[in-house]
Amino acid sequence: LIYGKLGFPRLEIEGAALATVIARGLMTVAFLFIIWRDKQIREMKSQLSALSRSVTEGKMEIKNYVRPILRIGIPAGFQFFWEVAAFGVAQIMSGWIGVVEQAAHLVAIGLASITFMVLTGISAAGNILTGYAYGAKDRAGIRMAGNTVFLLTLAIELVFALVFLLFNNLLPKLYTDNTDVIELAASMLIFGALFQISDGMQASAAGALRGMQDVRLPMVIALVSYWMVMVPACYLLAFKAGLGLAGIWIGFIIGLSLAAALLLIRFWWMVARVKFEEV
C-alpha cells in the first residue's frame, strides 16, 4: 500500500496509515475469536451465568468490580499517558530544529521502541508474578519476583545497549539511505544505548507496582519525571544550551533515570511495609 506492490494502489503515507488500521482491526478480531474459543474463559462465563441466576433467586450477591477496576486502571492509564505524551512533545521539538533532525529522531526512537517492546513483555510478566505473590500474601515472593524481573531487565537492556553501540552506524540504514539522517541517527543511538537501561527499569518497576495495586504514586512519579523534569530538560538543553537534538536525548536520559530510581525505591519500600490484612 505504501509502494503499490502486488497490484495494490500506491498510497505512500496514507498506505501506511491504512495498513495500520487493517492490522489493528484483524488483531482485534483474532483476540475476540481466541476469547470466544478459550476453554477456561467459557468455564468462567458459565460460572458467571450460574452466579447471575443465584442473584435473581436472592441466594447471593456478586461483587461489583467496576469501581476497583477504575481505581487501578485510570491511574495506570495516566502513567502511560504522561510518558507517551512527553515523548510526543519531544518529537515535536525535534521538528523545531529541522527536517533532518526530526527524521533522525524518528529513526533512532523507532529503533529504541523496538527493543522497548521486549521489556514491555518482561514488565507484564513481573506484573503478573508480583500480583500472584501479593494475592497470596507472600512478601518474600513479591520481593523475589520483582528483583528477578529487575535483574533480567538489566541483563537484556545491557545486551541491547551493546548492540546500539556496536551497530549504530548500520541500524539507521534499515530506515533510509539519506546520509545526513543516517549520520545523525547513529549519534543519537549512542544516547539511546544509555537510556535503554533506565527505560527498561522504569517499565519493570512500574509493572511490579501494578501487581501490588500501587498505581497512584507511580502516576505522580510519571508526571513529575516526564513533565516537570524530562520535557523542560529536553527544551533547555536543546534550545537554550544549544545542544540541538542531542539535548533532547540527554533530557530523555535524565527523565527516565529519575523515573526508574523513584519507582524502584517505591517498590522496595512497598515490599517492606505492605499490610496484607488490607488486601
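Quick caveat, the model's predicted, so the values are computed rather than measured.

The rules behind each value
- Residues numbered from 1 in each chain as written.
- Predicted model: local features only at pLDDT ≥ 70, side-chain atom pairs only at ≥ 80, totals over all residues.
- Heavy atoms only, no water.
- Helix = DSSP H or I, 4+ residues; strand = E, 2+ residues; numbered from the N terminus.
- Buried < 20%, exposed > 50% of the residue type's maximum accessible area, 1.4 Å probe, protein only.
- Areas by Shrake-Rupley, 256 points an atom, 1.4 Å probe, with all protein chains shown as cover.
- Lys, Arg positive; Asp, Glu negative; His and termini not counted.
- Charge placed at Lys NZ, Arg CZ, Asp CG, Glu CD.
- Patch = residues over 30% accessible without salt bridge, like charges linked within 9 Å, V, L, I, M, F, W, Y side chains within 5 Å.
- Salt bridge = Lys/Arg side-chain N within 4 Å of Asp/Glu carboxyl O.
- Axes fitted to C-alpha atoms, helices over the stretch in contact; angles between N-to-C directions.
- Parallel < 35°, antiparallel > 145°, perpendicular 65-115°, else oblique.
- Left-handed = near helix turned anticlockwise from the far one by under 90°.
- Nonpolar A, V, L, I, M, F, W, Y, C, P; charged D, E, K, R; others polar.
- Core = buried A, V, L, I, M, F, W, Y, C linked by side-chain atoms within 4.5 Å.
- Contact = heavy atoms within 4.5 Å.
- Phe/Tyr/Trp six-rings, centres within 6.5 Å; stacked < 30°, edge-to-face > 60°.

A. Spatial organisation of the overall build of the protein. When its secondary structure is counted, the protein shows 8 helices and 0 strands. Projecting the C-alpha coordinates of the protein onto the three principal axes gives extents of approximately 70 × 55 × 30 Å. Expressed as a percentage of the 279 residues in the protein, the buried residues total 37%. Counting every atom, the protein has about 16,300 Å² of accessible surface; 68% of that belongs to carbon and sulfur. Of the charged side chains in the protein, 22 are positive and 17 negative; the average position of the first set lies 10 Å away from that of the second.

B. Layout of a positive patch on the surface. A grouping of Arg37, Lys39, Arg42 and Lys45 is seen on the molecular surface, where their side chains present a positively charged patch. It is helix α2 (residues 39-56) that contributes the most residues to the positive patch, 3 residues altogether. A relative accessible area of 48% means that Lys45 is categorised as partly exposed.

C. Expanded view of the packing of helix α7 (residues 216-240) against helix α8 (residues 245-273). Axis separation between α7 and α8 bottoms out at 8 Å; the angle between their running directions is 160°. If you check the angle between α7 and α8, you find them roughly antiparallel. The handedness of the crossing between α7 and α8 comes out as right-handed. Of the residues in the contact of α7 with α8, the class split is 19 nonpolar, 4 polar and 1 charged.

D. Inspection of the packing of helix α3 (residues 66-97) against α7 at higher detail. The contact between α3 and α7 brings their axes to 8 Å, and the two run at 5°. Here α3 is positioned roughly parallel relative to α7, judged by the angle of their axes. Considered class by class, the residues forming the contact of α3 with α7 number 21 nonpolar, 1 polar and 3 charged.

E. Expanded view of the nonpolar core. In this structure, Phe164, Phe195, Tyr226, Met230, Ile248, Trp249 and Phe252 are the most contacted members of the largest nonpolar core, which totals 34 residues. For this core, the elements supplying multiple residues, two or more each, are α3, α4 (99-135), α5 (139-166), α6 (179-211), α7 and α8. Excluding its chain neighbours within four sequence positions, the residues that come into contact with Phe164 are Leu111, Ala112, Thr115, Leu171, Leu189, Gly192, Ala193 and Gln196.

F. Seen up close, the packing of aromatic side chains. Evaluation of the coordinates by the stated rule reveals 12 aromatic pairs. Plain terms: the ring middles of Trp249 and Phe252 are 5.5 Å apart, the flat faces sit at 55° to each other, and that makes the pair tilted. Here Trp249 pairs with Phe252, and both are found in helix α8, just 3 residues apart, close to one helical turn. Across the pair, Phe252 and Trp249 agree in class, each one buried. In this structure an aromatic cluster arises from ring pairing among Phe87, Phe195, Trp249 and Phe252.

G. Inspection of the pattern of salt bridges at higher detail. Within this structure, the stated rule accounts for 2 salt bridges. Glu12 serves as the salt-bridge partner of Arg10, at 3.2 Å between the closest nitrogen and oxygen. For Arg10, a relative accessible area of 52% gives the class exposed. A residue is classified by how much of its surface remains accessible, and Glu12, at 43% relative accessible area, is partly exposed. The residue Arg266 makes a salt bridge to Asp214 at a minimum N-O spacing of 2.8 Å. Of this pair, Arg266 sits in helix α8 while Asp214 is found in the loop between α6 and α7, placing the two residues 52 residues apart along the sequence. We note that Arg266, like Asp214, is buried.

Everything listed here is a matter of geometry and, on its own, says nothing about what the molecule does.
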